[in-house]
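Single-letter residue listing:
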Amino acid sequence: MTETYADFHRRSLTERDAFWAEQAQRVDWQTPPQQICDASKPPFARWFVGGTTNLCHNAVDRHAASRPADRALIWVSTEVGQERVYSFAELQAEVEAMAAILSAQGVSQGDRVLIYLPMIPEAAFAMLACARIGAIHSVVFGGFASVSLASRIDDATPRLVISADAGSRAGKRLAYKPLLDEAITLAAHKPARVLMVDRGLAAFERVAGRDLDYAELRQRHWGQPVPCAWLESNTPSYTLYTSGTTGTPKGVQRDVGGYAVALATSMDWIFGGKPGETYFSTSDIGWVVGHSYIVYGPLIHGMATLMYEGTPVNPDAAVWWSLVEKYRVTVMFSAPTAVRVLKKHDPALLKRHDLSSLRALFLAGEPLDEPTGRWIAEALGVPIIDNYWQTETGWPLLTVAHHIPGVEAVPTRFGSPGMPMYGYDVKLLDENSGAELAEPNQKGVLVIEHPLPPGALQTVWGDDARFVSTYWQSVPGHARRPVYSTFDWGLRDAQGYTFILGRTDDVINVAGHRLGTREIEECISGHPGVAEVAVVGVADQLKGQVALAFAVPRELPATSEAALALEGQIMKRVDEQLGAVARPSRVLFVGLLPKTRSGKLLRRALQAVAEGRDPGDLTTLDDPTALAQVKTLLHK
Ligand code: ATP
Ligand code: MG
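Given the structure is predicted, the values throughout are model-derived calculations rather than measurements.

**A short note on the packing of helix H15 (residues 517–525) against helix H16 (residues 560–578)**
Direction vectors running N to C along H15 and H16 enclose 120°, while the axes themselves pass 9 Å from each other. It follows from the interaxial angle that H15 and H16 lie oblique. Note that H15 runs across H16; the crossing there is right-handed. For the pair formed by H15 and H16, the contact residues are Glu-519, Ile-520, Cys-523 and Ile-524 on the first element and Ile-570, Arg-573, Val-574, Gln-577 and Leu-578 on the second.

Dropping the structure here:
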């Protein structure tokens, strides 16, 4: 007999402890948990209390013991033209060598290790080595500028930093060491040691007594056994910053046991991966997707993970599909922003390779607009699974889980990432009163009732007060239980599908009408001449605010008349679909939109520039020319 998804979801909440006790069996415990969930100190929650386990043991050692020769880590770099494959046994040897190096340098349990590396295997070794000995890793996206790196060094106060001579992007080398040296100069905290991986890409200076050579130490410690430290489930495993799309990044802190259980469960039920198969996430280890679904998730589940250094379009826009074919990838994870890049290339490239191994493509990170979703679905011929989550949650909060035994599969629906996942008590609240919106099709703030499920953040690193005030006190008056705000707008239809309508600070008020910029964007992106669009509200003396659109056209209009004509068509479209209040005051055509390094639109910077204000923290901005372009246009 099959259970409906709604019943199953309800059961995950009403029978919470039994539900998660069963899932806890997916991971090895040295001491089993004494209590499944301690929710006695809201808004905090502790999972699998008293249980001791280790992320590295579950990701590496247990598989190395049972099937040592199976593939664990596949690394492909189209930047330097190299590929390397590590079996579970080889991966364990590398991780142990790295762990031995760290221990020899005085890194012990609870110490922080900052990882500032490109997408190379050593990055995974470093994360797993920290997990092995109970050191807390803090990965900073490789290539972040010195100022962003310095602020993270000061926040994490690492004993040791692991870095490399250089990264590479679209064939351009980016030297890391000068950025790191500069960051350490700027930072108040001075790490005692810097472990350098020398890829032979860029010469660098060594600071005597501080800088160490990885190749040399790897050889020295090779073969030295380093046991996994058994850690109480609630010991911090890592810290990671949010993308900084809406403001200053927040240092998310995660546990050990809850994270292991949440990932193991999601790999099976949400992603439908099978041990022995290959999982390919195109993200970066600098982001949460890289932590959960490049390193820990697939490995814990006994899958090989494909780690890729390169762009989606080099040597051509079929490179990912060539990897799917070569390594028989079954499950793939990417972002809408990457699909939009591919969409600008010849669709025939998607047909060049044998993609018969691929079962599904998961997309997350930003709203998946319907045209983009349909395009990739038709091109690949496999289900496209939108999934919504945050750095804070660690794993999908809304999606459609197709692989839960005995539970009815929920069909996908374009425009909606799906339904609340098991374990998440999701509600929509009125932003002013905090009252629950029980009726369908009402727009409210998407919140999660306490306690957050396993795998979600424990707190903000070193700042419990910020954790409480930022996440748990922003929506008023909901007395029953504390609620965690996602800071996203949501709407639930009569069938229970939840739609994300943008961020709570992306709402504009035109002459008393509240409009979501996301809805206007969705409408404009449906115009066949538009590849990408960003809409922001700018202050207007008469109307309070007006919408302003920045569009990347498929082809830049050749003349100003052509631009005017396209602008007119877009405005007419908005008029017809959303009404005249939503019509942007102008549509400006740009070649590029300002995005964070993780590919998210930086609307707050666009808005600030459009209003002639200081754009604030731009350290997460990817390509500064995008914002410069916008400035020039605005001043024309
Ligand atoms: P910050 O919190 O520092 O401003 P950020 O919210 O961009 O940065 P992330 O944790 O990387 O940092 O992003 C999570 C956010 O991304 C979500 O809150 C949501 O706004 C957006 N998002 C992620 N996945 C989806 C999706 N499938 N559909 C719509 N929006 C999504
Ligand atoms: Mg956020």
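**With respect to the packing of aromatic side chains**
Inspection of every chain in the model, using the stated rule, returns 38 aromatic pairs. Arranged with centres 5.8 Å apart and planes meeting at 50°, the rings of Tyr-5 and Phe-8 form a pair that is tilted. Of this pair, Tyr-5 and Phe-8 are both found in helix H1 (residues 5–14), three residues apart, which corresponds to roughly one turn of the helix. By relative accessible area, which is 3% here, Phe-8 ends up buried. Judged by centre distance (6.1 Å) and plane angle (65°), the rings of Phe-467 and Trp-472 are edge-to-face. Three or more aromatic residues joined by ring pairs make a cluster, and in this case those are Tyr-5, Phe-8, Phe-19, Trp-20, Trp-29, Trp-47, Phe-48, Trp-269, Trp-395, Tyr-422 and Tyr-424. The residue whose ring lies beneath Arg-26 is Trp-269, and the NZ or CZ to ring-centre distance is 5.0 Å. In this arrangement the basic side chain of Lys-443 is found over the ring face of Trp-489, its NZ or CZ atom lying 5.2 Å from the centre.

**Looking at helix H5 (residues 121–133)**
Because the α-helix completes a turn every 3.6 residues, residues three or four places apart line up on one side. If you check H5, its first and last C-alpha atoms are 19 Å apart, about what 13 residues at 1.5 Å a residue would give, namely 18 Å. When you tally the buried positions in H5, you get 13 out of 13 residues, the bulk of the element. Note on H5: the residue one or two positions beyond its end, Gly-134, has a positive phi of about 85°.

**Points about the site of ligand 1**
Near ligand 1 lie 21 residues; those nearest to it are Thr-242, Thr-245, Thr-246, Thr-391 and Asp-488. Separating an oxygen atom of ligand 1 from a side-chain N or O atom of Ser-243 is a distance of 2.7 Å. One nitrogen or oxygen atom from the side chain of Lys-250 is found 3.1 Å from an oxygen atom belonging to ligand 1. Contact with the protein chains hides 94% of the accessible area of ligand 1, taken as 640 Å² for the molecule alone. For the shell around ligand 1, the class distribution of residues is four nonpolar, 10 polar and seven charged.

**Remarks on the sheet that holds strand S6 (residues 112–116)**
Pairing between sheet strands relies on hydrogen bonds along the backbone, with the strands arranged either parallel or antiparallel. Strand order in the open sheet formed by eight strands is S12-S11-S8-S6-S7-S14-S15-S25, and the pairing between neighbours is mixed. The sheet is open, and its two borders are formed by strand S12 (211–213) and strand S25 (459–460), each paired with just one other strand. Where strand S15 (residues 251–254) lies against S25, two bridges are found, and the strand directions are antiparallel. Among the inter-strand pairings, Val-252 is bridged to a residue of S25, identified as Val-460. Strand contacts of helix H6 (residues 146–156): S6, strand S7 (136–139) and strand S14 (238–241), with the helix running at about 165° to S6, the strand carrying the most contacts.

Calculation criteria
- Residues numbered from 1 in each chain as written.
- Chains lettered and ligands numbered in written order.
- Predicted model: local features only at pLDDT ≥ 70, side-chain atom pairs only at ≥ 80, totals over all residues.
- Heavy atoms only, no water.
- Axes fitted to C-alpha atoms, helices over the stretch in contact; angles between N-to-C directions.
- Helix = DSSP H or I, 4+ residues; strand = E, 2+ residues; numbered from the N terminus.
- Parallel < 35°, antiparallel > 145°, perpendicular 65-115°, else oblique.
- Left-handed = near helix turned anticlockwise from the far one by under 90°.
- Contact = heavy atoms within 4.5 Å.
- Phe/Tyr/Trp six-rings, centres within 6.5 Å; stacked < 30°, edge-to-face > 60°.
- Buried < 20%, exposed > 50% of the residue type's maximum accessible area, 1.4 Å probe, protein only.
- Lys NZ or Arg CZ within 6 Å of the ring centre and 35° of its normal.
- Expected span 1.5 Å × (residues − 1).
- Near = heavy atom within 4 Å.
- Polar contact = N/O pair within 3.5 Å; in protein donor to acceptor, adjacent residues only side chain to side chain.
- Areas by Shrake-Rupley, 256 points an atom, 1.4 Å probe, with all protein chains shown as cover.
- Nonpolar A, V, L, I, M, F, W, Y, C, P; charged D, E, K, R; others polar.
- Pairing = 2+ DSSP bridges.

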